[in-house]
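# Structural characterization, general
Listed below are the residues making up each chain.
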Amino acid sequence: HGLVGLILRRGIECAPGDAELYIALADHEISRGKIDSARELLEKGMEINPLHAPLYHSLAELEARVFNIEGLARLNKRAAEIFQSDANAPPTDEQLKAMERQMKHGRSTRMPDGITALAEKIGVESDEPTTIAGVSMDDVDLDSLVNNVLCGFGGESGMMLQEGPM
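One structure accompanies this document, and this report is about it. (Residues numbered from 1 in each chain as written. Predicted model: local features only at pLDDT ≥ 70, side-chain atom pairs only at ≥ 80, totals over all residues. Heavy atoms only, no water.)

With that settled, the discussion passes to the overall build of the chain. Check the secondary structure of the chain and you find eight helices and two strands. Its helices and strands taken in sequence order, the chain reads α-α-α-α-α-α-α-β-β-α from the N to the C terminus. Contacts spanning at least 24 positions in sequence make up 47% of the contacts within the chain whose residues lie at least 6 apart. Summed over its atoms, the accessible surface of the chain is roughly 11500 Å², and 56% of this surface lies on carbon and sulfur atoms. (Helix = DSSP H or I, 4+ residues; strand = E, 2+ residues; numbered from the N terminus. Contact = heavy atoms within 4.5 Å. Areas by Shrake-Rupley, 256 points an atom, 1.4 Å probe, with all protein chains shown as cover.)

Take a look at the structure:
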(Lines give C-alpha, C1' and ligand atoms only; values in the text may rest on other atoms or scores of the structure.)
Protein backbone atom coordinates (compact mmCIF):
# COMPACT_ATOMS: atom_id res chain seq x y z
CA HIS A 1 0.00 0.00 0.00
CA GLY A 2 2.95 2.32 0.37
CA LEU A 3 3.72 4.53 3.33
CA VAL A 4 1.00 7.07 2.53
CA GLY A 5 -1.61 4.33 2.27
CA LEU A 6 -0.50 2.76 5.55
CA ILE A 7 -0.59 6.09 7.38
CA LEU A 8 -4.05 6.94 6.04
CA ARG A 9 -5.40 3.47 6.89
CA ARG A 10 -4.03 3.82 10.41
CA GLY A 11 -5.65 7.23 10.62
CA ILE A 12 -9.02 5.68 9.73
CA GLU A 13 -8.50 3.00 12.39
CA CYS A 14 -7.82 5.71 14.98
CA ALA A 15 -10.49 8.16 13.82
CA PRO A 16 -13.14 6.20 11.89
CA GLY A 17 -15.53 9.17 11.88
CA ASP A 18 -13.11 11.51 10.08
CA ALA A 19 -14.54 11.71 6.56
CA GLU A 20 -11.52 13.59 5.21
CA LEU A 21 -9.32 10.54 5.86
CA TYR A 22 -11.59 8.41 3.65
CA ILE A 23 -11.36 11.03 0.91
CA ALA A 24 -7.56 11.25 1.19
CA LEU A 25 -7.12 7.48 1.10
CA ALA A 26 -9.57 7.19 -1.82
CA ASP A 27 -7.55 9.83 -3.72
CA HIS A 28 -4.41 7.84 -2.98
CA GLU A 29 -6.04 4.66 -4.26
CA ILE A 30 -7.19 6.46 -7.43
CA SER A 31 -3.61 7.62 -8.04
CA ARG A 32 -2.58 3.96 -7.86
CA GLY A 33 -5.32 2.93 -10.31
CA LYS A 34 -7.37 1.15 -7.61
CA ILE A 35 -10.80 2.50 -8.60
CA ASP A 36 -12.87 -0.20 -6.87
CA SER A 37 -10.93 0.25 -3.63
CA ALA A 38 -11.43 4.03 -3.81
CA ARG A 39 -15.16 3.56 -4.43
CA GLU A 40 -15.44 1.21 -1.42
CA LEU A 41 -13.62 3.71 0.80
CA LEU A 42 -15.89 6.57 -0.20
CA GLU A 43 -18.98 4.40 0.30
CA LYS A 44 -17.73 3.39 3.76
CA GLY A 45 -17.08 7.03 4.60
CA MET A 46 -20.62 7.90 3.51
CA GLU A 47 -21.98 5.09 5.66
CA ILE A 48 -20.14 6.38 8.71
CA ASN A 49 -20.58 10.11 8.06
CA PRO A 50 -23.58 10.40 5.73
CA LEU A 51 -23.92 14.16 6.10
CA HIS A 52 -20.41 15.01 4.88
CA ALA A 53 -21.13 16.45 1.42
CA PRO A 54 -17.50 16.29 0.16
CA LEU A 55 -17.73 12.47 0.27
CA TYR A 56 -20.59 12.63 -2.25
CA HIS A 57 -18.62 15.07 -4.38
CA SER A 58 -15.52 12.84 -4.38
CA LEU A 59 -17.56 9.78 -5.31
CA ALA A 60 -19.32 11.73 -8.07
CA GLU A 61 -15.93 12.77 -9.48
CA LEU A 62 -14.75 9.16 -9.37
CA GLU A 63 -17.86 7.85 -11.13
CA ALA A 64 -17.60 10.60 -13.76
CA ARG A 65 -13.93 9.73 -14.42
CA VAL A 66 -14.85 6.15 -15.23
CA PHE A 67 -18.05 7.15 -17.09
CA ASN A 68 -20.27 5.23 -14.67
CA ILE A 69 -23.57 6.94 -15.51
CA GLU A 70 -25.63 4.42 -13.50
CA GLY A 71 -23.42 5.00 -10.46
CA LEU A 72 -23.84 8.76 -10.84
CA ALA A 73 -27.64 8.38 -11.08
CA ARG A 74 -27.74 6.25 -7.90
CA LEU A 75 -25.49 8.71 -6.09
CA ASN A 76 -27.63 11.65 -7.21
CA LYS A 77 -30.75 9.95 -5.87
CA ARG A 78 -29.01 9.10 -2.59
CA ALA A 79 -27.74 12.66 -2.16
CA ALA A 80 -31.17 14.10 -2.92
CA GLU A 81 -32.65 11.95 -0.15
CA ILE A 82 -30.07 13.16 2.37
CA PHE A 83 -29.62 16.81 1.37
CA GLN A 84 -32.87 18.65 0.78
CA SER A 85 -32.93 22.10 -0.74
CA ASP A 86 -35.75 23.45 1.46
CA ALA A 87 -34.14 24.24 4.82
CA ASN A 88 -37.56 25.01 6.34
CA ALA A 89 -38.97 21.57 5.57
CA PRO A 90 -38.94 18.99 8.37
CA PRO A 91 -36.18 16.38 8.06
CA THR A 92 -36.98 13.27 6.06
CA ASP A 93 -36.75 9.77 7.50
CA GLU A 94 -33.56 9.26 5.49
CA GLN A 95 -32.02 12.40 6.99
CA LEU A 96 -32.95 11.29 10.50
CA LYS A 97 -31.37 7.87 9.89
CA ALA A 98 -28.22 9.51 8.48
CA MET A 99 -27.88 11.78 11.49
CA GLU A 100 -28.38 8.86 13.86
CA ARG A 101 -25.68 6.82 12.08
CA GLN A 102 -23.34 9.78 12.22
CA MET A 103 -23.96 10.27 15.93
CA LYS A 104 -23.49 6.56 16.71
CA HIS A 105 -20.22 6.39 14.79
CA GLY A 106 -19.09 9.64 16.37
CA ARG A 107 -19.34 8.21 19.87
CA SER A 108 -16.02 7.15 21.28
CA THR A 109 -14.96 5.65 24.56
CA ARG A 110 -11.65 7.53 24.41
CA MET A 111 -11.58 11.18 25.26
CA PRO A 112 -9.47 13.41 22.98
CA ASP A 113 -6.13 14.36 24.54
CA GLY A 114 -7.06 18.04 24.84
CA ILE A 115 -10.25 17.20 26.72
CA THR A 116 -8.39 14.78 28.99
CA ALA A 117 -5.75 17.41 29.79
CA LEU A 118 -8.43 20.00 30.54
CA ALA A 119 -10.31 17.52 32.73
CA GLU A 120 -7.14 16.77 34.69
CA LYS A 121 -6.40 20.49 35.11
CA ILE A 122 -9.82 21.20 36.62
CA GLY A 123 -9.81 18.02 38.69
CA VAL A 124 -12.30 15.82 36.82
CA GLU A 125 -11.44 12.16 36.36
CA SER A 126 -11.45 11.32 32.63
CA ASP A 127 -13.00 7.89 33.20
CA GLU A 128 -16.05 9.34 34.94
CA PRO A 129 -19.20 8.93 32.87
CA THR A 130 -20.02 11.97 30.75
CA THR A 131 -23.08 13.76 32.08
CA ILE A 132 -24.94 16.82 30.94
CA ALA A 133 -27.53 18.34 33.26
CA GLY A 134 -27.31 15.24 35.42
CA VAL A 135 -28.07 12.81 32.55
CA SER A 136 -25.45 10.21 31.64
CA MET A 137 -24.67 10.34 27.93
CA ASP A 138 -24.34 6.54 27.97
CA ASP A 139 -28.06 6.33 28.79
CA VAL A 140 -29.23 8.69 26.02
CA ASP A 141 -31.59 7.22 23.42
CA LEU A 142 -30.09 8.50 20.17
CA ASP A 143 -33.34 8.08 18.21
CA SER A 144 -35.18 10.37 20.62
CA LEU A 145 -32.30 12.84 20.77
CA VAL A 146 -32.07 13.19 16.99
CA ASN A 147 -35.83 13.44 16.64
CA ASN A 148 -36.08 16.06 19.39
CA VAL A 149 -33.22 18.15 18.08
CA LEU A 150 -34.56 18.17 14.54
CA CYS A 151 -38.29 18.29 15.20
CA GLY A 152 -38.46 20.29 18.41
CA PHE A 153 -38.71 19.18 21.99
CA GLY A 154 -42.00 18.08 23.53
CA GLY A 155 -44.41 15.98 21.53
CA GLU A 156 -44.46 12.23 22.02
CA SER A 157 -41.14 11.86 23.80
CA GLY A 158 -42.16 14.16 26.64
CA MET A 159 -38.79 15.95 26.68
CA MET A 160 -39.11 19.65 27.33
CA LEU A 161 -36.64 22.50 27.17
CA GLN A 162 -36.13 24.38 30.41
CA GLU A 163 -37.11 27.97 30.06
CA GLY A 164 -35.14 30.61 31.84
CA PRO A 165 -32.35 33.10 31.42
CA MET A 166 -29.58 32.22 29.02
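To continue, consider helix α2 (residues 19-31). Taking 1.5 Å per residue, 13 residues should reach 18 Å; α2 reaches 19 Å between its end C-alpha atoms and fits that length. Buried positions along α2 lie against α1 (2-14), α3 (35-48) and α4 (53-65). Residue D18 occupies the N-cap position of α2, its side-chain oxygen lying 3.1 Å from the main-chain nitrogen of E20. Immediately downstream of α2, the backbone of G33 shows phi near 80°, a positive value. (Expected span 1.5 Å × (residues − 1). Polar contact = N/O pair within 3.5 Å; in protein donor to acceptor, adjacent residues only side chain to side chain.)

What follows deals with the pattern of salt bridges. One pass over the structure, following the stated rule, counts seven salt bridges. Two residues, E29 and R32, come together in a salt bridge whose shortest N-O distance is 2.9 Å. Residue R32 is classed as partly exposed on the basis of its relative accessible area of 36%. The salt bridge involving K44 is made with E47; its shortest N-O contact spans 3.7 Å. One end of the pair is K44 and the other is E47, both in helix α3 and three residues apart, which spans about a single turn. Residue classification places E47 among the partly exposed positions, given a relative accessible area of 38%. Shared partners join several salt bridges into a network, and the residues in it are R9, E29 and R32. (Salt bridge = Lys/Arg side-chain N within 4 Å of Asp/Glu carboxyl O. Buried < 20%, exposed > 50% of the residue type's maximum accessible area, 1.4 Å probe, protein only.)

This paragraph deals with the packing of α4 against helix α5 (residues 69-82). Where α4 contacts α5, the two axes come as close as 9 Å, and the packing angle between them is 165°. Of the possible angle classes, the one that applies to α4 and α5 is roughly antiparallel. Judged by the twist between their axes, the crossing of α4 over α5 is left-handed. Contact with α4, carried on its side by Y56, L59, A60, E63 and A64, involves G71, L72, L75, R78, A79 and I82 of α5 and no other residues of that element. (Axes fitted to C-alpha atoms, helices over the stretch in contact; angles between N-to-C directions. Parallel < 35°, antiparallel > 145°, perpendicular 65-115°, else oblique. Left-handed = near helix turned anticlockwise from the far one by under 90°.)

Looking now at the nonpolar core. Side chains of a nonpolar character, in soluble globular proteins, are inclined to be buried together. Counting 22 residues, the largest nonpolar core has L42 and L55 as its most contacted members. Looking at this core, the elements that each hand over two or more residues are α1, α2, α3, α4 and α5. The biggest single contributor to this core is α2, with seven residues. L42 has contacts with Y22, I23, A26, L55, S58, L59 and L62, leaving out every residue within four places of it along the chain. (Core = buried A, V, L, I, M, F, W, Y, C linked by side-chain atoms within 4.5 Å.)

It is worth spelling out the environment of H52 at this point. Relative to the assigned elements, H52 resides in the loop between α3 and α4. Linking H52 and A19, residues 33 residues apart in sequence, is a C-alpha distance of 6.9 Å. Among the polar contacts listed, one links the side chain of H52 to the side chain of E20, at a separation of 2.7 Å.

To continue, consider unusual backbone geometry. If a residue is not glycine, its phi is most likely negative; likewise, a peptide bond is most likely trans. Even without a glycine there, the phi angle at F67 is positive, about 55°. Structurally, F67 is set in the loop between α4 and α5. Relative accessible area serves as the criterion here: at 70%, F67 is assigned to the exposed category.

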